[in-house]
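Chains, contacts and geometry: an overview
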Amino acid sequence: MKNQMRSELRKLTTTRTVRWLTLGVVGMALMAVTSVSGGSAAEYAKPLTEQQFFFLNTFSRLLLIVLGIRMVTDEFRYGTAVPTFIAAPNRTLVVASKVVVAGAAGLVMAALGQAAMFGSATAVFSMNGQELELGARGVQGLVGGVLAGGLWAAIGVGVGAVVRNQVVAIVGSFVWLMALEEIVRVKMGDLGGFLPGQAGFATALAPDEYWLTAVVTFVVYALVATALGMLFTRVRDVA
Amino acid sequence: MSQHQADAAVEVEGLTKTFDDERAVDDLTFRVEWNEVTGFLGPNGAGKSTTLKVILGLMGPTAGTARVAGREYVRLSEPGRAVGALLETQQFHPLRRARDHLLVYTAAIGLDDRRADEVLDLVELGGAARKKLGSFSLGMKQRLGLATALLGDPHILILDEPANGLDPAGMRWLRSFLRGFAGEGRAVLVSSHLLGEVSQIADQVVVIDHGRLVVQAKTSELIARARDGATLEDVFLDLTGSEAIR
């Protein structure tokens, strides 16, 4: 597995995909801060977890799930799945390696996004004479945001392995997260909080009493996505 | 005879592969022996590529077995060192550099990275190591595909139309290389439409049509059995009735 993980890491670092996606996450972090800096005094006075720049978690998850999806679907789009599975015919091991590498890359990208957000927010607030206090809830949001980033990328690998078609996987994920899930959530009432997008968001932002439940729920989604990705990859032909 | 040569290099028995009720490969049986180059011939759509993909574990058989050195490919302990394969020309990320492409697979197989430079030099692509693959010609991609196949210094080479896009010098190099490779006690299974090329390098040929075995024989015996002055191309066309490609 160590060899295959090295191989997956090299795939990730020898094209521009991960660099552009990281740039996108950092860019969104800066946009989030900008949106607050132009806001009212009331906006500044809100607790950190309620301020607008937490929209970062809403949009950065899209880029992080794309990372995972592309780690699989690029292989089929460009035909590199053939040499990959010839060199490593144990497909379960290949998917597991992709999940681990995607998860680690997602953690790093999300951490960079959070660092960019808090760093620039501190500077902007300071220039406006406001004090940005991180506090315990802020720290939890920071840690949760990074954790959610890693899990979103891991889930993306599972989605990509099941769907394989890059456009369908990416567009389908976006439509679900940005539109369909909200409709389903409203219909589900209290149970709507257990939907994947909600669980991911809550991993970063839920109040204390719900946070652990959110993290466990989201980890279960990542494990289920990984298991489905392994199953579909094992049983289907590599044409 | 070494341990890995106790079994046939490749052994296909009663192999059938269907897609939506259509039989791409139909009860196919043949062997690839050590120390030989085996030409795998058949008209377009005969089932050659599908057969090679089943041998390499990329597709599951509907029935029958395909074994490499006595085992299913997916059960080989070190597949990357046992078998090198080139199946299609478009197996590259266009934005990845040539050397980086190889380093992806040296890592997967567990090889020293210097092996990437060795095989690049072997296929005469050392000067293009830092070029992005999107700028490669078809011939260069074929050479890089061969380099990928050779990374693990394998005992068996399985190549699907490796001469596609090669210039005359490249084809001569390939011919010489494959003969030398088999001469070292290893084995080559090579599919090709270039019958003239196959007749020059193949010790035996396996001819299939509509997924079924037409004949497996020594190349020289096959030509000797045919009418006077016949080439392998004549024999192939007689066997498969492929008038359309004359």
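Look up: the structure comes first, before these words.
Cut-offs applied
Residues numbered from 1 in each chain as written. Chains lettered and ligands numbered in written order. Predicted model: local features only at pLDDT ≥ 70, side-chain atom pairs only at ≥ 80, totals over all residues. Heavy atoms only, no water. 1 Å grid on protein atoms, 1.4 Å probe; cavity = no way out; pocket = protein on both sides within 12 Å on 5 of 7 lines; lining within 4 Å. Points joined across faces, edges and corners; volume = space filled by probe spheres on them. Helix = DSSP H or I, 4+ residues; strand = E, 2+ residues; numbered from the N terminus. Nonpolar A, V, L, I, M, F, W, Y, C, P; charged D, E, K, R; others polar. Buried < 20%, exposed > 50% of the residue type's maximum accessible area, 1.4 Å probe, protein only. Contact = heavy atoms within 4.5 Å. Buried area = accessible area lost by both parts, 1.4 Å probe. Salt bridge = Lys/Arg side-chain N within 4 Å of Asp/Glu carboxyl O. Core = buried A, V, L, I, M, F, W, Y, C linked by side-chain atoms within 4.5 Å. Phe/Tyr/Trp six-rings, centres within 6.5 Å; stacked < 30°, edge-to-face > 60°. Lys NZ or Arg CZ within 6 Å of the ring centre and 35° of its normal. Pairing = 2+ DSSP bridges. Lys, Arg positive; Asp, Glu negative; His and termini not counted. Polar contact = N/O pair within 3.5 Å; in protein donor to acceptor, adjacent residues only side chain to side chain. Axes fitted to C-alpha atoms, helices over the stretch in contact; angles between N-to-C directions. Parallel < 35°, antiparallel > 145°, perpendicular 65-115°, else oblique. Left-handed = near helix turned anticlockwise from the far one by under 90°.

Okay, the layout of surface pockets next. Taken as a whole, the largest pocket spans an internal volume of roughly 440 Å³. Residue lining of the largest pocket: 21 residues in total, with Arg91 of chain A together with Gly57, Gly60, Glu72 and Val74 of chain B positioned closest to the centre. Here the element with the most residues in the lining of the largest pocket is strand E4 (residues 63–68) of chain B; it accounts for 4 residues. Residue classes in the lining of the largest pocket are distributed as 10 nonpolar, 5 polar and 6 charged.

In this section: the environment of Gly192 of chain A. Residues and elements named next belong to chain A. For Gly192, the location among the structural elements is in the loop between helix H8 (166–188) and helix H9 (196–205). Classification of Gly192 as buried rests on a relative accessible area of 0%. Each C-alpha atom, one on Gly192 and one on Glu182, is 8.6 Å from the other, the two residues being 10 residues apart in sequence.

This brings us to the interface of chain B and chain A. Listed per partner, the contact involves 33 residues of chain B and 24 residues of chain A. Buried area between chain B and chain A, both sides added, is near 2,500 Å², and the carbon and sulfur share of it is 58%. Among the residues chain B hides against chain A, the three largest losses belong to Leu58, His93 and Tyr105 of chain B. Together they make up 23% of the total. Inspection of the chain B/chain A interface yields 2 salt bridges. Residue Asp113 of chain B is joined to Arg10 of chain A by a salt bridge in which the shortest nitrogen-to-oxygen separation is 2.7 Å.

The next subject is the nonpolar core. Ranked by internal contacts, the top residues of the largest apolar core, which has 55 residues, are Leu41, Leu102, Leu144, Leu157, Leu178, Val188 and Val205 of chain B. Setting aside residues no more than four positions away along its own chain, Leu41 of chain B makes contact with Lys48, Ser192, Leu195, Val198, Val205, Val206, Val207, Ile208, Leu232 and Phe236 of chain B. By size, the runner-up hydrophobic cluster in this structure holds 39 residues, among which are Ala88 of chain A together with Trp34, Leu56 and Ile158 of chain B.

This part covers the packing of aromatic side chains. Applying the stated criterion across every chain, the model contains 4 aromatic pairs over all chains. Plain terms: the ring middles of Phe30 of chain B and Phe40 of chain B are 5.2 Å apart, the flat faces sit at 35° to each other, and that makes the pair tilted. Taken together, the residues span a long stretch of sequence, with Phe30 of chain B in strand E2 (residues 22–32) and Phe40 of chain B in strand E3 (residues 37–41) at a distance of 10 residues. Assessed through its relative accessible area of 1%, Phe30 of chain B is described here as buried. A relative accessible area of 0% places Phe40 of chain B in the buried class. Here the aromatic cluster, defined as three or more aromatic residues joined through ring pairs, consists of Trp173, Phe177 and Phe181 of chain B. Taking the ring centre of Phe85 of chain A as reference, the NZ or CZ of Arg91 of chain A above it sits at 5.4 Å.

Scanning the model with the defined rule gives 22 salt bridges over all chains in all. Beyond isolated ion pairs, a larger network of salt bridges with shared partners links Glu8, Lys11, Glu75 and Lys98 of chain A.

It is worth spelling out the environment of Ala110 of chain A at this point. Residue and element names in this part refer to chain A. Tracing the chain through its elements places Ala110 in helix H6 (residues 91–127). On a C-alpha basis, the gap between Ala110 and Thr22 in space is 8.3 Å, while along the polypeptide they are 88 residues apart. For Ala110, the residues in contact, after removing those within four places along its chain, are Leu64, Gly145, Val146 and Gly149.

As a further point, take the pairing of E3 of chain B. Remember that side chains alternate between the two faces of the sheet whenever the strand is regular. All names here are of chain B. Counting buried positions along E3 gives 5 out of 5 residues, so the element sits mostly inside the fold. Here E3 shows a buried face lined by Val37, Gly39 and Leu41 and a second buried face lined by Thr38 and Phe40. Looking at chain direction, E3 and strand E7 (residues 187–191) are connected through 4 bridges and run parallel. Looking across to E7, one finds that Val37 is bridged to Val188.

This brings us to the side chain of Lys48 of chain B. Residues and elements named next belong to chain B. Tracing the sequence through the fold places Lys48 in helix H1 (residues 48–55). Comment: no salt bridge for buried Lys48; closest opposite-charge side chain is Glu161, at 4.8 Å. Looking at Lys48, its side chain comes within polar contact range of the main-chain oxygen of Gly42, at 2.8 Å.

This part covers unusual backbone geometry. A negative phi holds for most residues other than glycine; trans holds for most peptide bonds. Residues and elements named next belong to chain B. A positive phi angle, close to 55°, is found at Asp27, a residue other than glycine. Look at Asp27 and you get partly exposed, because its relative accessible area is 48%. For Ala69, which is not glycine, the phi torsion reads 50° and is therefore positive. By secondary structure assignment, the location of Ala69 is in the loop between E4 and helix H2 (79–82). We classify Ala69 as partly exposed; its relative accessible area is 21%.

Let us look at the sheet that holds strand E1 (residues 10–19) of chain B. Residue and element names in this part refer to chain B. What the 3 strands build is an open sheet, ordered E2-E1-E4; its pairing is antiparallel. Strands at the two margins of the open sheet, each flanked by one partner only, are E2 and E4. Each neighbouring strand pair of the sheet contributes to a mean axis angle of 25°, computed without reference to strand direction.

What follows deals with the packing of helix H3 (residues 98–109) of chain B against helix H5 (residues 138–150) of chain B. All names here are of chain B. Close contact between H3 and H5 brings their axes to 10 Å; oriented N to C, the two are set at 25°. For the element pair H3 / H5, the angle class is roughly parallel. Crossing of H3 over H5 shows right-handed handedness. Along its contact with H3, which presents Ala98, His101, Leu102 and Tyr105, the element H5 presents Leu144, Ala147 and Thr148.

These figures come from the coordinates and say nothing about function on their own.
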